[in-house]
Amino acid sequence: MAGNFWMSSQYDQWVFERQDLLRFRFEDLKIYSEEEYQKLMIFWANFIQSLATEGGNSSSTKTRMQVIASAIIYFKRFYARRSFKEVDPFLIACASVFLASKVEEHGLLSMSKLIQNIPNCLKRWPSVIFDLSSKNNGLYDAEFILVEVMDCCLIVYHPYRPLTSFIQDLAKDTTIKDIDQIEAQCWKVANDSLRSDCALLFPPHVIALSSIIVGVELMGREKDIKAWLPELSVDFEKVTDCVNTLFTMYKLWKTFDERDQIKPLLDKMPRVNSVPSQC
Amino acid sequence: MQKYDKLDKIGEGTYGMVFKARNKETGEIVALKRVRLDDDDEGVPSSALREICLLRELKHPNVVRLFDVVHSEGKLTLVFEFCEQDLKKFFDSMNLQPIEPSLVRSLMQQLLKGLYYCHSRHVLHRDLKPQNLLLDSSMQLKLADFGLARAFGVPVRCYSAEVVTLWYRPPDVLFGAKLYNCSIDMWSAGCIFAEISNVGRPLFPGSDVDDQLKRIFKQLGTPNEDNWPAVSTLPDYKPFPTMHPSISWSQIVPNLSSLGRDLLQKLLVCNPAGRMDSESALKHPYFSAIEN
């Protein structure tokens, strides 16, 4: 569904202020520093991506990205409303992928197949152990709870569509060379934005435009958008904020050696009932 | 689920039983749709998820409201606004007495308003039929049951193994067209329009895909490459004998005014590209002209 973002449940209920996020995460921020929290979120985004890619049906990359993006945002929405100690994040990560593959009509991913695939997906993080084989029911309930905590808001607006129209608009300037390279780089930034809080803070078109700004800067081609950018009517204060959020995330990601650093972080995780009760 | 007193069973939906119930706190009457979870590997059925996430985004007087989704004891229940009856039951209750022309017009207008709202949000219903159009006590019409149809192909059977009716499917879909757009709903709306004016006599009650197409072409003429370019490239296309319309629309829908017949013919166009959309249909003089 493309629909209209301004009339969506996302605009209505799932775009927050930074202070809101700090308030929601109050419990978890007693255990983790904010930086550690952001590192964990990078790890889970990567884990979700790996789950969706390994276990997913082979179809076009773009569809798959849509599933991955929705799954990561489900996960983020859930933990904006609940703390880590309430439901095991591994369980919610699996449920997010499972749910997103159905909502995005990606073709059904069977629950047992998804569970079988977990060890495969965890190979990148040899120190991380998570075994769901005995918790089929847990995943079953986690899906329900995920739907419930998200208040059934399962349709997510991503930056990809506005990104495509921004690039089309930019491409009208025929003096810009290799626009497809720029586009590829900006898509990559939009994908990476899922490792930050952007999706909980900004509307999709702001993230899209910020991805372009960051994308061209990473390529050293800021000049190419210099004339185009000021012509746009957007909230540039928000865009600047979003651009900064993206750069902060990249800086953190660079210093985050997941292989070594994830274990101590996960060890600090409060114990939860693996089978979630009603929250 | 303690919040609700179950009253009567209303029927069987796409994925489970439907009950009438009363909210114990507010006294409000609602419809409870129990989601059957029989496949362990699927979790919440995609059809139910589809209905939940679409209706969560849709709020319009002509679209049924989803109030709540309740999860308890491993079951999922969708709580909907309650409507007295559906269009099919309304037809049955009329006992073939004619429906007032003003009511026919009002029902059709509401159907189109609901569709315009959904289509402008890029939501297609894809399975419109009288059973999916609910009527409340003041004859407000509401689109319901967004669960059955899916983006890639309309399933042939619903959960009770009842064969999904072909009567409201456009020829492009019957020929296996996969890329649906709003035009699929506009064809169904046309069929339903004719059916309302004839107090529940379906326009094209085909028994299988072939019979369905034959009935359509008999009334509208067999399409060809001239009036429907590339029709023969559709996946399930097969040639049909050339038929020319022989029965006039005033015989088919004798209770409709000439403006009504004009609207009907603009909806029932075989080539989906030529079918009227919901926005233009609402602007048709049938809804504005004072007739007598």
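Treat the numbers as computed from the prediction; the structure is a model and nothing was measured. (Residues numbered from 1 in each chain as written. Chains lettered and ligands numbered in written order. Predicted model: local features only at pLDDT ≥ 70, side-chain atom pairs only at ≥ 80, totals over all residues. Heavy atoms only, no water.)

Draft legend 1. Region of interest: the nonpolar core. Formed by 188 residues in total, the largest nonpolar core has its most connected members in Phe43, Trp44 and Phe47 of chain A. Once residues lying within four places of it in the same chain are set aside, the contact partners of phenylalanine 47 of chain A are Phe90, Ala93, Ile118, Cys121, Leu122 and Trp125 of chain A. (Core = buried A, V, L, I, M, F, W, Y, C linked by side-chain atoms within 4.5 Å. Buried < 20%, exposed > 50% of the residue type's maximum accessible area, 1.4 Å probe, protein only. Contact = heavy atoms within 4.5 Å.)

Draft legend 2. Representation of the sheet that holds strand S2 (residues 17–23) of chain B. Residues and elements named next belong to chain B. Here we have five strands laid out as an open sheet, ordered S1-S2-S3-S5-S4, and antiparallel in their pairing. On the outer flanks of this sheet lie strand S1 (4–12) and strand S4 (66–72), each paired with one strand and no other. Going across the sheet, the axis of each strand differs from the next one's by a mean of 30°, ignoring polarity. Strand direction decides the pairing type here: S4 and strand S5 (residues 75–81), joined by six bridges, are antiparallel. Residue pairing in the sheet places aspartate 68 in a bridge with valine 79 of S5. Its contacts with the sheet put helix H1 (residues 46–57) on strand S3 (29–35), S4 and S5, and the angle it makes with S5 is roughly 40°. (Pairing = 2+ DSSP bridges. Helix = DSSP H or I, 4+ residues; strand = E, 2+ residues; numbered from the N terminus. Axes fitted to C-alpha atoms, helices over the stretch in contact; angles between N-to-C directions.)

Draft legend 3. Fine view of the packing of aromatic side chains. Per the counting criterion, the structure on display carries 33 aromatic pairs over all chains. Aromatic rings pair up to connect Tyr32, Tyr37, Phe43, Trp44, Phe47, Phe75, Phe78, Tyr79, Phe84, Phe90 and Trp125 of chain A into one cluster. One Lys or Arg, arginine 105 of chain B, reaches over the ring of tyrosine 286 of chain B and ends 5.6 Å from the middle of that ring. Here the guanidinium or amino end of lysine 238 of chain B rests over the ring plane of phenylalanine 240 of chain B, the centre of that ring lying 5.6 Å away. (Phe/Tyr/Trp six-rings, centres within 6.5 Å; stacked < 30°, edge-to-face > 60°. Lys NZ or Arg CZ within 6 Å of the ring centre and 35° of its normal.)

Draft legend 4. Region of the structure containing the interface of chain B and chain A. Facing the 27 residues of chain B at the interface are 29 residues of chain A. Between chain B and chain A, roughly 2,400 Å² of surface is buried when both sides are summed, and carbon and sulfur atoms account for 59% of that area. One can count one salt bridge joining chain B with chain A. Between aspartate 151 of chain A and arginine 56 of chain B there is a salt bridge, with its nearest N and O atoms 3.1 Å apart. For the pair chain B and chain A, the number of links is five residue pairs in polar contact (both at pLDDT 80 or more). Counting only elements with at least two residues in the side of chain B that touches chain A, the list comes to H1, S4 and S5 of chain B. Split into classes, the residues belonging to the side of chain B that touches chain A amount to 11 nonpolar, six polar and 10 charged. (Buried area = accessible area lost by both parts, 1.4 Å probe. Salt bridge = Lys/Arg side-chain N within 4 Å of Asp/Glu carboxyl O. Polar contact = N/O pair within 3.5 Å; in protein donor to acceptor, adjacent residues only side chain to side chain. Nonpolar A, V, L, I, M, F, W, Y, C, P; charged D, E, K, R; others polar.)

Draft legend 5. Quick peek at the UniProt feature "binding site: ATP" (unreviewed entry) in chain B. All names here are of chain B. Mapped onto this numbering, the UniProt entry gives "binding site: ATP" (unreviewed entry) at Lys33. A relative accessible area of 7% places lysine 33 in the buried class. At a separation of 3.1 Å, a polar atom in the side chain of lysine 33 contacts the side chain of glutamate 51. (UniProt positions renumbered as here; feature names shortened; annotations may be inferred.)

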